Amino acid sequence: MISLVEAEQKAIEFIVEEWELSDQEKKLFTVENSRQIDDRWWYIVEVTVNNLPDKWVIQVYDDGECDPCYTFVSPFSELEKSAKLDTIPQKLALVLEEERIGHI
């Protein structure tokens, strides 16, 4: 079984690989919250970018695999898809725009 810290890293790596982001962009991700589910074999990890309000909620299994059916949560509407993205790298901003459009 992996540790909570390892689960947090696996969640970030999953997002980076899923969206084909660079190591530089990876450094902008932070874990907002994480926890092990009692009497279960997985962790829930909430990941944000550069303190933006958007977040990915990812289930990480005890073997280190991430569930590909993650949840993306954002307070921005499709009309606001570009809100507050001017301070992050362009590719990462595009990822957030795509997530905001598809998961609102």
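Structure's up top.
Just so we're clear, the structure is a prediction, and the values are computed from it rather than from any experiment.

Caption draft 1: Geometry of the sheet that holds strand S4 (residues 71-73). Taken together, the 4 strands give an open sheet; going across it, the order is S1-S2-S3-S4, and neighbouring strands pair in antiparallel fashion. At either margin of the open sheet sits one strand with a lone partner, and together these are strand S1 (29-36) and S4. Across the sheet, the axes of successive neighbouring strands diverge by a mean angle of 25°, strand direction being ignored. When strand S2 (residues 42-49) meets strand S3 (residues 55-61), the two strands line up antiparallel, connected through 6 bridges. For Trp 42, the partnering residue across the bridge sits in S3 and is Tyr 61. Strands in contact with helix H1 (residues 4-18) are S1, S2 and S3; relative to S1, the strand with the most contacts, it is inclined by about 130°.

Caption draft 2: Inspection of the nonpolar core at higher detail. Counting 26 residues, the largest nonpolar core has Phe 29, Val 49, Trp 56, Ile 58, Val 60, Ile 88 and Leu 96 as the members making the most contacts within it. Listed by contribution, the elements that provide at least two residues to this core are H1, S2, S3 and helix H3 (90-102). At 6 residues, the largest contribution of residues to this core is made by H1.

Caption draft 3: Quick peek at H1. Over its 15 residues, H1 extends 21 Å from the first C-alpha to the last, a length consistent with the 21 Å expected when each residue adds 1.5 Å. Where H1 is concerned, the buried positions are Ala 7, Glu 8, Ala 11, Ile 12, Phe 14, Ile 15 and Val 16. Contacts made by the buried residues of H1 are with helix H2 (23-26), S1, S2 and S3. After H1 finishes, the residue Glu 20 shows a positive phi value of roughly 55°.

Caption draft 4: Molecular detail of the pairing of S1. Note that S1 and S2 share 7 bridges and pair antiparallel. Its bridge partner being in S2, Thr 30 is matched across the sheet by Thr 48. In this structure, the hairpin formed by S1 and S2 is closed by a connection of 5 residues, where Asp 39 is found at a positive phi of approximately 55°.

Caption draft 5: Summary view of H3. Helix length check: H3 (13 residues) gives 18 Å between terminal C-alpha atoms against 18 Å at 1.5 Å per residue, within 8%. Among the residues making up H3, those that are buried are Leu 92, Ala 93, Val 95, Leu 96, Glu 97, Glu 99 and Arg 100. Where the residues of H3 are buried, they touch H2, S1, S2, S3 and S4.

So, how was this worked out
Residues numbered from 1 in each chain as written. Predicted model: local features only at pLDDT ≥ 70, side-chain atom pairs only at ≥ 80, totals over all residues. Heavy atoms only, no water. Pairing = 2+ DSSP bridges. Helix = DSSP H or I, 4+ residues; strand = E, 2+ residues; numbered from the N terminus. Axes fitted to C-alpha atoms, helices over the stretch in contact; angles between N-to-C directions. Contact = heavy atoms within 4.5 Å. Core = buried A, V, L, I, M, F, W, Y, C linked by side-chain atoms within 4.5 Å. Buried < 20%, exposed > 50% of the residue type's maximum accessible area, 1.4 Å probe, protein only. Expected span 1.5 Å × (residues − 1).

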